Amino acid sequence: MQLRHVLAGTLAGLTAAAAPAAAVDLDELGFRWQMPAWLAAPPVPDDTEMSVARVELGRHLFYDARLSADGTVACVSCHVQERAFTDGRALAVGVFDIEGTRNAPGLANVGYNPALTWANPHAGTLEFQSLFPLFGTEPVEMGMAGREAELFALLEEDPYYAEAFANAFPERGGTVDLFTLTRALGAFQRTLISVDSPYDRFKYGGDETALSDAARRGEQLFFDHRFECYHCHLGVMFTDNLQTARSPFVETAFHNTGLYNLGGTGSYPPTAQGLAEFTGRVRDVGRFRTPSLRNVAVTAPYMHDGSIATLREVIAHYAAGGRTIEDGPYAGVGADHPNKSALLIGFDPTEAEIADLIAFLESLTDESFLTNPAYADPWPADHPARASRAMPEAMN
Ligand code: HEC
Ligand code: HEC
């Protein structure tokens, strides 16, 4: 069964069935994961639980521009469903049109990531991570630093939220605070599960007809020693950003892929030092977290700074074993970066191989995830939550 139907059915069914006669019981309102047999549900932190009410509340918050300093930026401004929850821009743009320093990552299966964001080894849960866009100042995204009380008051006074927080957090009396706000956002994001691409239907569902011949050949290349992609983009999520015994310091998932080498000095652009920004170690300069490749065909542009426009150019980058920038402030031979991963040895693909590899990457697009109504904007068209929201250009 397709996840779209399962999730929609779960939400509808549980809401109807969960009119408890007695006192509100979280288990009664319980959320049931509906996973395919080949994948376990994502982990949920000890201090929170999933519930239908929390997920629905989180969805409303995710799409609400009133959570930002100028009332124009919601999570969705940079995380759009039809783009697998990225925004199509090279660098994110926050309130007052302030440009950030990173490309917005997609959010498919984000609940499985033990290390969130491109290079912060300490961002270990969705709940903690959501504080960055709301209150972060480097860069400013939603710009609410120092305005927490104002934000909570706004939510408490809103008729929808007053009821929704009470339903979602009965054990806390429906209080609006950092705890409940971030738990609701986390609950919604944990439901963003994408497991219904043609590749999934072929690989895990046993549907031999789901993949084109080109995509099958591309799969062979992807998992081949010559191309080496699978060494870092491994497993069900196509990333080595995995829960390990060393978690939350999953530093094995950070690699320098030879994108920069400013003037041959081993430097990366000042705003994009990677893991070194957190460890201060020279050997961590330019090391970024391996992103998942699920839905990658709809998440362009690519890399931590959106500096590669197309999948074809990404493949050219790997084939060259790193990127050479001829002139300008970032000029340098990335392939010679001292921290570059030893797995980036370069290869010489034929045109046909490039086309096959792209066909494989395109087979990771899950249309039902991009259109699942359970993830869509819940607010009416003229509601202030979305009225003045600045959105990236639509996909063409
Ligand atoms: C102004 C654009 C912008 C807004 C608004 C925004 N984000 Fe993001 N988001 C980003 C960028 C850029 C990153 C990567 C940050 C980094 O690597 O340092 C990111 C990273 C994330 C991640 C980590 C994903 C991963 O795989 O590592 C999550 C989760 C996330 N955002 C959720 C949210 C939520 C929830 C909201 C609303 C409360 C939100 N974002 C608002 C731009 C934005
Ligand atoms: C050494 C580990 C490693 C290997 C090998 C590797 N990748 Fe990556 N990949 C990464 C990392 C790390 C990033 C992010 C780099 C950055 O932004 O600085 C990335 C980024 C990408 C992206 C951009 C994704 C996005 O959302 O921006 C694509 C596409 C990609 N890799 C495909 C491939 C393919 C195809 C191969 C094989 C030819 C490959 N990778 C080999 C680690 C690796």
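The structure we're discussing is the one just above.
Throughout what follows, the structure given in this document is the object of discussion.

About the thresholds
- Residues numbered from 1 in each chain as written.
- Chains lettered and ligands numbered in written order.
- Predicted model: local features only at pLDDT ≥ 70, side-chain atom pairs only at ≥ 80, totals over all residues.
- Heavy atoms only, no water.
- Helix = DSSP H or I, 4+ residues; strand = E, 2+ residues; numbered from the N terminus.
- Buried < 20%, exposed > 50% of the residue type's maximum accessible area, 1.4 Å probe, protein only.
- Contact = heavy atoms within 4.5 Å.
- Areas by Shrake-Rupley, 256 points an atom, 1.4 Å probe, with all protein chains shown as cover.
- Donors = N, O, S within 2.8 Å, 3.2 Å for Na, K, Ca; no water.
- Tetrahedral: all angles 85-135°; square planar, octahedral: opposite > 155°, others 65-115°.
- Near = heavy atom within 4 Å.
- Polar contact = N/O pair within 3.5 Å; in protein donor to acceptor, adjacent residues only side chain to side chain.
- Nonpolar A, V, L, I, M, F, W, Y, C, P; charged D, E, K, R; others polar.
- Phe/Tyr/Trp six-rings, centres within 6.5 Å; stacked < 30°, edge-to-face > 60°.
- Axes fitted to C-alpha atoms, helices over the stretch in contact; angles between N-to-C directions.
- Parallel < 35°, antiparallel > 145°, perpendicular 65-115°, else oblique.
- Left-handed = near helix turned anticlockwise from the far one by under 90°.
- Salt bridge = Lys/Arg side-chain N within 4 Å of Asp/Glu carboxyl O.

## With respect to the overall build of the protein chain
Looking only at helices and strands, the protein chain features 15 helices and four strands. Across the 396 residues that make up the protein chain, the buried fraction comes to 53%. In the protein chain, of all internal contacts separated by at least 6 residues, the share reaching a separation of at least 24 is 67%. Counting every atom, the protein chain has about 17,100 Å² of accessible surface; 56% of that belongs to carbon and sulfur.

## Some thoughts on the coordination of the iron atom of ligand 2
For the iron atom of ligand 2, the full set of protein donor atoms is His233 (NE2) and Tyr318 (OH), at a range of 1.9 to 2.1 Å. Because the angles between the six donor atoms bound to the iron atom of ligand 2 fall within 81 to 179 degrees, the donor set is best described as octahedral. Pair noted here: histidine 233 is in the loop between α10 (229-232) and β1 (254-256) and tyrosine 318 is in helix α12 (residues 311-319), with a separation of 85 residues, a long-range link. Using a relative accessible area of 9% as the deciding quantity, one classes histidine 233 as buried. Judged by its relative accessible area of 23%, tyrosine 318 is partly exposed.

## Some remarks on the site of ligand 2
Around ligand 2 sit 24 residues, and of these Cys229, Cys232, His233, His304 and Tyr318 come closest. Within the side chain of histidine 233, one N or O atom sits 2.9 Å away from a nitrogen atom of ligand 2. One of the side-chain N or O atoms of tyrosine 318 is found 2.6 Å from a nitrogen atom in ligand 2. Secondary structure elements with two or more residues in the shell around ligand 2: α10, β2 (287-289) and α12. Each residue belonging to the shell around ligand 2 can be placed in one class, and the counts come to 16 nonpolar, six polar and two charged.

## Quick notes on the packing of aromatic side chains
If you walk through the whole model with that rule in mind, you get 27 aromatic pairs. Taking the centre distance of 5.2 Å and the plane angle of 90 degrees together, the rings of tyrosine 199 and phenylalanine 360 count as edge-to-face. Of this pair, tyrosine 199 sits in helix α8 (residues 198-203) while phenylalanine 360 sits in helix α13 (residues 351-362), placing them 161 residues apart in sequence. What makes tyrosine 199 buried here is its relative accessible area of 2%. Within the aromatic cluster, the residues linked to one another by ring pairs are Tyr199, Phe202, Phe222, Phe223, Tyr230, Phe238 and Phe360.

## Quick notes on the coordination of the iron atom of ligand 1
No other protein atom reaches the iron atom of ligand 1 as a donor apart from His79 (NE2), found 2.1 Å away. Relative to the assigned elements, histidine 79 resides in the loop between α2 (52-62) and α3 (126-129).

## As for the site of ligand 1
Taken together, 26 residues sit near ligand 1, with Cys75, Cys78, His79, Thr117 and Arg289 positioned nearest. One of the side-chain N or O atoms of asparagine 113 is found 3.0 Å from an oxygen atom in ligand 1. Side-chain polar atom of arginine 289 to an oxygen atom of ligand 1: 2.7 Å apart, as the coordinates give it. Looking at the shell around ligand 1, the elements that each hand over two or more residues are α3 and α7 (178-190).

## Looking at the packing of α12 against α13
The geometry of a pair of packed helices is captured by two quantities: the angle between their axes and the separation between those axes. Closest axis-to-axis distance for the α12/α13 pair is 10 Å, and the angle between their directions is 120 degrees. In terms of axis orientation, α12 runs oblique to α13. With respect to the hand of their crossing, α12 and α13 are arranged in right-handed fashion. Contact residues: Leu311, Arg312 and Ile315 in α12; Glu351, Ile354, Leu357, Ile358 and Leu361 in α13. In the contact of α12 with α13, the residues fall into six nonpolar, no polar and two charged.

## Notes on the pattern of salt bridges
A side chain of one charge can pair with a side chain of the opposite charge when the charged atoms of the two come close. Within the structure shown, the criterion is met by 18 salt bridges. The shortest N-O distance in the salt bridge between arginine 59 and glutamate 56 comes to 3.0 Å. You can see arginine 59 and its partner glutamate 56 sitting in helix α2, three residues apart, about one turn around the helix. Arginine 59 sits in the buried class, given a relative accessible area of 12%. A salt bridge links aspartate 200 to arginine 294; its shortest N-O distance comes to 2.8 Å. Taken together, the residues span a long stretch of sequence, with aspartate 200 in helix α8 and arginine 294 in the loop between β2 and α12 at a distance of 94 residues. No difference in accessibility class separates aspartate 200 from arginine 294, as the two residues are buried.

## Quick notes on the environment of alanine 145
Structurally, the position occupied by alanine 145 is in the loop between α4 (131-135) and α5 (148-157). Judged by relative accessible area, alanine 145 falls into the partly exposed class, the value being 35%. For the pair formed by alanine 145 and leucine 134, sequence separation is 11 residues and the distance between their alpha carbons is 7.3 Å. Setting aside its immediate chain neighbours within four residues, alanine 145 contacts Leu134, Phe135 and Thr137.

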